[in-house]
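Observations on the three-dimensional arrangement
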Amino acid sequence: MKRLYPIIFFFLCMMQSYAQSHDSIANQLKDKIENATTDSTRIRFQIDLAKQLLKSNVDTTRLIISDVINTIEDKEGSYYQSRKAESLNYLGILDNKQGYTENALSNYLEALDITQEVKDSVGIGLTYHNMGMFYRRQKEFSKAKQYLKKAIVVKEKLKDVEDLALSLHMLALTNYNNEQMDSARYHIAVLKEMPCSNVRKSKANGTLAAIYFKEKKYDQSIYIFKENIEISKDVNDQNELSISYLNVAVLYNALQQYDSAVPYLDSAIAVAKKLKHKELLLKQYYSRSNLNETRKEYEQALQDYKIYKMYNDSINDTEKVKRITELELNYKFDKEKQASELRLENETSKKQLYLLLFVIATIMGGIIFWLTRKNAKQRIALSNEELATEQLEKVKAELALVTKEKELKNAVIENSLRQEVLSKTLGDIKEIIKLENEKERKTALQSLSASLLSEKATKTNITDLKSYMDTVSMDFKVILDNKFPDLKEKEKELLCLMTLGLNATEISKLQNNTVSAIKSARSRIRKKIGVDSKQDIIEFIKNIGV
């Protein structure tokens, strides 16, 4: 413990030096304000001075901020709007401390609108933080944490360590107020790991001391709060000083050291009066009333309680709470109204766009109709050309048929058929030529060709027969190969001949076999492919192919 004394002494000396530096900065800013040649620089210095005096001289701070807002009133541009929002934030802090809660919330909401409009991230972070502080004082901890977390997100992106540490500390304090000690400890631990100032860490230690108090670790808590009293004096932080006095008094009261608690409570009240901080005065008079009652100083206890009641009625006025709620609702209503107006503008723009698109579509439709009409003749001409082509193909097919007839005649002559066969064949050809249906003529020619071939069927012409069959029955043979691979080649040949409309006698001559053997082969095929005797075997196979 003795080793700690030099460290503490050195730390306090550093704090005293900081306080002197603080006063020096304030004086320098005053000189800069007097010598400023433009409104923009003067406003910047005025706001900086207000920040320096915020915790020690609220009346002067309010005058400075009010003067800044009046100067900016007729100014335009994002710079002036950002400064106005910043001034409204500090004015809200003053109002909140002095119990003017409605004014505080109104100032914060206006500042939030301005910062979001000009996209001022620093201003947005400051406003979120202050709104979190506002709702913490209203004991609306859920809202308070919501705004403080938003502030932390913004400040993390800005990488402002001191400002980020402040919001983390206030989030820890809000969790403490909301009886969430683990969350409070966590955020304090995060803060103490940050490269922020010792003053910021000392304030976090104050919250840690409050946690020790809750856990009845009074000695540890008193030590931290007394240390914070000296630090607050050195840096001239009157607000923190008043809180630390009160906390030490409460701890002595818990330890039943009532006489030791009294001077600390008196000091806390004296500082809070100087600050005109109603919330602190409320707590402090209540604590002193209880303390004097315990000490049997009943007259003084009653006086303190009356003052406490006065502050309590002032702060917790039901009508005022209603007005705050109304203010929030009005703000939301204005936002929704703006959103509705924006949607209306968007709808109008959409209607105009749809009208324009309709006009364009109408024009395009007219152009397309004109082009369609223009190309109609070309399509008709093309159709006529296609019809002429079809007729030409028909003529070619007829010529091919005639050619086939000639080839058949030559085959009859070249095979030296008997005269009676030749006469009969020529008669058949004449009859076939008379047929008007092309399909019937083609089938008849195939049958006639097969009959002629059967007259000269030998071992040497079997190869020619297979070639012929492959030509006239190629599709059918593909079906047999794919769907019925178990059939023998001789059986597939028999089926191909059947597609030509040949009977058993004609097929027997072509395959050099007996009629009974052909019929037996057909029966075997029916069993293999599962077709009864009543069904047409050729139609069955073709349907499977389809």
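Residues numbered from 1 in each chain as written. Predicted model: local features only at pLDDT ≥ 70, side-chain atom pairs only at ≥ 80, totals over all residues. Heavy atoms only, no water.

**Some words on the overall build of the chain**
Note the threshold: Only runs of H or I of at least four residues qualify as helices and only runs of E of at least two qualify as strands under DSSP, and these elements are numbered from the N terminus. For each residue, the accessible area found with a 1.4 Å probe, counting protein chains only, is set against the maximum for its type, and the residue is called buried under 20%, exposed over 50%, and partly exposed in between. Residues count as neighbours in contact if any of their non-hydrogen atoms are within 4.5 Å of one another. Method for areas: the Shrake-Rupley scheme with a 1.4 Å probe, in which residue coverage is limited to the protein chains shown.
Regarding its fold elements, the chain presents 24 helices and zero strands. A total of 546 residues make up the chain; the buried ones form 39% of that total. Counting contacts in the chain only where the partners sit at least 6 residues apart, residues at least 24 apart contribute 55% of the total. A total of about 32500 Å² of accessible surface is found on the chain, and carbon and sulfur atoms cover 53% of it.

**Re the packing of helix H11 (residues 218-234) against helix H12 (residues 238-254)**
Condition: Axis geometry follows a simple rule: fit a line to the C-alpha atoms, using only the stretch in contact for helices, then measure angles between N-to-C directions, giving values from 0 to 180 degrees. Orientation labels follow simple angle bins: below 35 degrees gives roughly parallel, above 145 gives roughly antiparallel, 65 to 115 gives roughly perpendicular, and whatever is left gives oblique. Definitions for this section: a left-handed crossing has its near helix turned counterclockwise from the far helix by less than a right angle. A right-handed crossing has that turn clockwise. Here the nonpolar group is Ala, Val, Leu, Ile, Met, Phe, Trp, Tyr, Cys and Pro; Asp, Glu, Lys and Arg are the charged ones; every other residue, Gly included, is treated as polar.
Between H11 and H12, whose axes approach to 9 Å, the crossing angle comes to 155°. The orientation of H11 relative to H12 falls into the category roughly antiparallel. H11 and H12 meet at a crossing whose hand is left-handed. Along its contact with H11, which presents Tyr218, Ser221, Ile222, Phe225, Lys226, Asn228, Ile229, Ser232 and Lys233, the element H12 presents Glu240, Leu241, Ser244, Tyr245, Asn247, Val248, Leu251, Tyr252 and Ala254. Classifying every residue of the contact of H11 with H12 gives ten nonpolar, five polar and three charged.

**Some remarks on the environment of Cys496**
In this fold, Cys496 is placed in helix H21 (residues 489-498). Along the backbone, Cys496 and Met474 are 22 residues apart, and their C-alpha atoms lie at a distance of 9.1 Å.

**Looking at the side chain of His187**
Short version of the rule: A 3.5 Å cut-off defines polar contacts: any pair of N or O atoms within that distance qualifies, except that in protein one atom must be a possible hydrogen donor and the other a possible acceptor, and neighbouring residues in sequence count only when both atoms are side-chain atoms.
Here His187 shows up in helix H9 (residues 181-192). Only 2.9 Å separates the side chain of His187 from the backbone oxygen of Ser183, close enough to count as a polar contact. If we ignore the near neighbours within four places in the chain, the residues touching His187 are Leu168, Leu171, Ala172 and Asn175.

**A word on the nonpolar core**
Just so we agree on the cut-off: Here, nonpolar core refers to any group of buried Ala, Val, Leu, Ile, Met, Phe, Trp, Tyr and Cys residues whose side-chain atoms link them within 4.5 Å.
With 81 residues, the main nonpolar core has Leu49, Tyr90, Tyr128, Met131, Tyr135, Tyr176 and Ile211 as its most contacted residues. Here this core gets eight residues from one element, more than from any other, and that element is helix H8 (residues 161-177). Leave out the neighbours within four places in its chain, and Leu49 touches Ala26, Leu29, Lys30, Ile33 and Ile64.

**With respect to the packing of H9 against helix H10 (residues 198-214)**
Working note: a packed helix pair is described by the angle between its axes plus the distance between those axes. The geometry of H9 relative to H10 is characterised by a closest axis approach of 10 Å and an angle of 155° between their N-to-C directions. What the angle tells us is that H9 and H10 run roughly antiparallel. H10 is crossed by H9, and the crossing has left-handed handedness. Two secondary-structure elements touch here, H9 through Met181, Ala184, Arg185, Ile188, Leu191 and Lys192 and H10 through Arg200, Lys201, Ala204, Asn205, Thr207, Leu208, Ile211 and Lys214. Of the residues assigned to the contact of H9 with H10, the class counts are seven nonpolar, two polar and five charged.

**Observations concerning the environment of Ile544**
With respect to the helices, strands and loops of the structure, Ile544 is situated in helix H24 (residues 537-545). Residue classification places Ile544 among the partly exposed residues on the basis of a relative accessible area of 32%. Here the alpha-carbon distance between Ile544 and Leu480, two residues 64 residues apart in the chain, equals 9.9 Å.

**Quick look at empty space enclosed by the protein**
Empty space among the atoms can be located by rolling a probe the size of a water molecule over them. Condition: Computed over the protein atoms alone on a 1 Å grid, cavities are sets of points where a 1.4 Å probe fits but cannot get out and pockets are open sets with protein on both sides within 12 Å along at least five of seven lines; a residue lines them when it has an atom within 4 Å of a point. Grid points are joined across faces, edges and corners, and a volume is the space filled by probe spheres set on the points.
Per the stated rule, a full pass over the model turns up two cavities of 30 Å³ or more. Size it by volume and the second largest cavity reaches roughly 40 Å³. As for the second largest cavity, its lining consists of Val199, Ser202, Lys203, Asn228, Ile231, Ser232, Val235, Asp237 and Glu240. Those elements that place two or more of their residues in the lining of the second largest cavity are H10 and H11. Looking at side-chain class alone, the lining of the second largest cavity contains three nonpolar, three polar and three charged residues.

**Quick look at the environment of Leu63**
Looking at the secondary structure, you find Leu63 in helix H3 (residues 58-72). Here Leu63 falls in the exposed class, since its relative accessible area comes to 64%. Residues Leu63 and Ala50 lie 13 residues apart in sequence; the distance between their C-alpha atoms is 9.0 Å.

**Some words on helix H2 (residues 39-53)**
We count it as follows: Expected span of a helix: the number of residues minus one, times 1.5 Å. The directions from the helix axis to the C-beta atoms are what the arc is built from.
Here H2 is 15 residues long and its end C-alpha atoms lie 21 Å apart, about the 21 Å a rise of 1.5 Å per residue gives. What H2 keeps buried is the set Ile43, Gln46, Ile47, Leu49, Ala50 and Leu53. The buried residues of H2 occupy an angular sector of 160° when projected down its axis, which confines them to one face.

**Let's talk about the pattern of salt bridges**
Pairing between side chains of opposite charge can happen when the charged atoms of each approach one another. Put simply, the rule reads: Take a side-chain nitrogen of Lys or Arg and a carboxyl oxygen of Asp or Glu: if they are within 4 Å of each other, that pair is a salt bridge.
Summed over all chains, the structure comprises 25 salt bridges. Ionic pairing is found between Lys276 and Asp59, a salt bridge with its closest N-O pair at 3.0 Å. Highlighted residues: Lys276 in the loop between helix H13 (258-275) and helix H14 (278-294) and Asp59 in helix H3, separated in sequence by 217 residues. Bridged by salt links that share partners, the residues Arg44, Asp48, Arg83 and Glu86 form one connected network.

**Brief notes about unusual backbone geometry**
Look at Glu179: it is not a glycine, yet its phi comes out positive at around 65°. One non-glycine residue, Lys296, lies in positive phi territory at about 65°. Using a relative accessible area of 62% as the deciding quantity, one classes Lys296 as exposed.

**A look at the packing of aromatic side chains**
Spelled out, the test is: Between rings of Phe, Tyr and Trp, where Trp is taken as its six-membered ring, a pair exists when centres lie within 6.5 Å; planes separated by under 30 degrees are stacked, by over 60 edge-to-face, and by other angles tilted. Throughout this description, the term charge over a ring refers to an Arg CZ or Lys NZ atom that lies within 6 Å of the ring centre and within 35 degrees of the ring normal.
For the coordinates displayed, the defined rule picks out eleven aromatic pairs. Measuring from ring centre to ring centre gives 6.4 Å for Tyr108 and Phe134, while their planes differ by 80°; the resulting arrangement is edge-to-face. Placement of Tyr108 in helix H5 (residues 101-118) and of Phe134 in helix H6 (residues 121-137) is noted, with a sequence separation of 26 residues between them. Accessibility classification places Tyr108 together with Phe134 in one group, the buried group. Note on Phe134 and Tyr135: the rings are 5.2 Å apart at their centroids and 85° apart in plane angle, and the pair reads as edge-to-face. Judged by relative accessible area, Phe134 falls into the buried class, the value being 0%. Members of the aromatic cluster, each reached through a chain of ring pairs, are Tyr108, Tyr128, Phe134, Tyr135 and Tyr147. The residue whose ring lies beneath Arg83 is Tyr79, and the NZ or CZ to ring-centre distance is 5.0 Å. Directly above the aromatic system of Tyr176 lies the positively charged group of Lys214, at a separation of 5.5 Å from the ring centroid.

**Description of the confidence of the model for the chain**
As a reminder, the rule being used: Each residue carries a pLDDT value, the predictor's own confidence for that position, ranging from 0 to 100.
Summing up the model confidence of the chain, the mean pLDDT is 79 and the portion of residues at 70 or higher is 80%. For the chain, the element scoring lowest by mean pLDDT is helix H19 (residues 462-472), at 52; helix H7 (residues 141-158) scores highest, at 93. Low pLDDT (under 50) marks residues 1-21, which in the prediction has 16 contacts with non-local residues, meaning those over four places away or in another chain. With pLDDT under 50 throughout, residues 456-464 is counted as low confidence; its partners more than four residues away or in other chains account for five contacts.

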